[in-house]
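Residue-level listing of the chains:
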Amino acid sequence: PGWVDVCVYQALANAFPDGFEVLALAIDPTIDEPDARTIDGFARRGHVLIEAALTRRPAVAVVGWSIGGLGAVELAKRLDAVRGSAERSPLLALIDTIYPGEDLHLWANRWSKYRSMIRPGGGAAIAREALVTLRRRFGGPLRTLGLRLIRLSGGEADLRTPGGARRSVGVPDGLISQYVVEPIRSPMLLVSADTTSPKRTRRRWEPQASDFDEVVVEGRHRGVDSIMHEGRVEAVANAIAERLD
């Protein structure tokens, strides 16, 4: 995904059954080329790096979480072209990947997300998500205000952001909306967190694949209760493994 490195896929790799080989592909932020941090550039380099490793593998899945799913789309297309009609197309597994353009409508996405949680027994999920949103919205400003009041009263307080600013090491956000999805020959599995509006995203991805399936997993996109953490990621691994088998 765009905000951290491939180590966040470790729990997923551990969750696959014995006999599965897992390769992780990262964007190298030190490459100084015009397309180094574009989706096309990522897929082109990834294809060259892993093509040999996938030779003679009877079943292959290309998996991407969040923004990484768009890189997986391009990578699956290239691998499918190389493998040829005599071999199975790689399975394309998108883990909570928004459709390009959805990132331009964050407020609409937020309403659609809450609406998707309105169901029997969904009250706890709505309350939990509302608390997370409020904490993100007001936690930082309230902390800064409190520290400034401490300094005004003569105390000492560090106004710097704890841990420094977060920097993306992946695909810049602006390139998501510019990415154009073309029809996908590979079978597609969309794994959705139940708090990120799976119905809305499904309506956009499904027409692009001739063979489409979806699995909804309880949890959030990221954070301590992310669907990629232990306790939830096993459902993701099982869904991918079942379709490869």
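Refer to the structure printed above.
Now for a description of the structure that goes with this document. In this text the structure is predicted, and so the values were computed from the model without any measurement.

**Focus: the side chain of Glu 74**
Thought 1: Structurally, Glu 74 is set in helix α3 (residues 68-83).
Thought 2: At 2.7 Å, the side chain of Glu 74 forms a polar contact with the side chain of Arg 78.
Thought 3: In this structure Glu 74 touches Ile 39, Asp 40, Ala 43 and Tyr 179, once residues within four positions along its chain are discounted.

**Regarding the packing of aromatic side chains**
Thought 1: Counted according to the given criterion, the structure contains three aromatic pairs.
Thought 2: Ring geometry for Tyr 9 and Trp 65: centres 6.4 Å apart, planes at 85°, overall edge-to-face. One end of the pair, Tyr 9, is in the segment before α1 (10-15); the other, Trp 65, is in strand β1 (residues 61-65), and 56 residues separate them in sequence. Taken individually, Tyr 9 and Trp 65 each receive the classification buried, so the pair is uniform in this respect.
Thought 3: Considering the side-chain rings of Phe 16 and Phe 20, the 5.6 Å spacing of their centres and the 5° angle between planes classify their relative orientation as stacked.
Thought 4: Assessed through its relative accessible area of 12%, Phe 16 is described here as buried.
Thought 5: Judged by relative accessible area, Phe 20 falls into the partly exposed class, the value being 30%.

Procedures and definitions
Residues numbered from 1 in each chain as written. Predicted model: local features only at pLDDT ≥ 70, side-chain atom pairs only at ≥ 80, totals over all residues. Heavy atoms only, no water. Helix = DSSP H or I, 4+ residues; strand = E, 2+ residues; numbered from the N terminus. Polar contact = N/O pair within 3.5 Å; in protein donor to acceptor, adjacent residues only side chain to side chain. Contact = heavy atoms within 4.5 Å. Phe/Tyr/Trp six-rings, centres within 6.5 Å; stacked < 30°, edge-to-face > 60°. Buried < 20%, exposed > 50% of the residue type's maximum accessible area, 1.4 Å probe, protein only.

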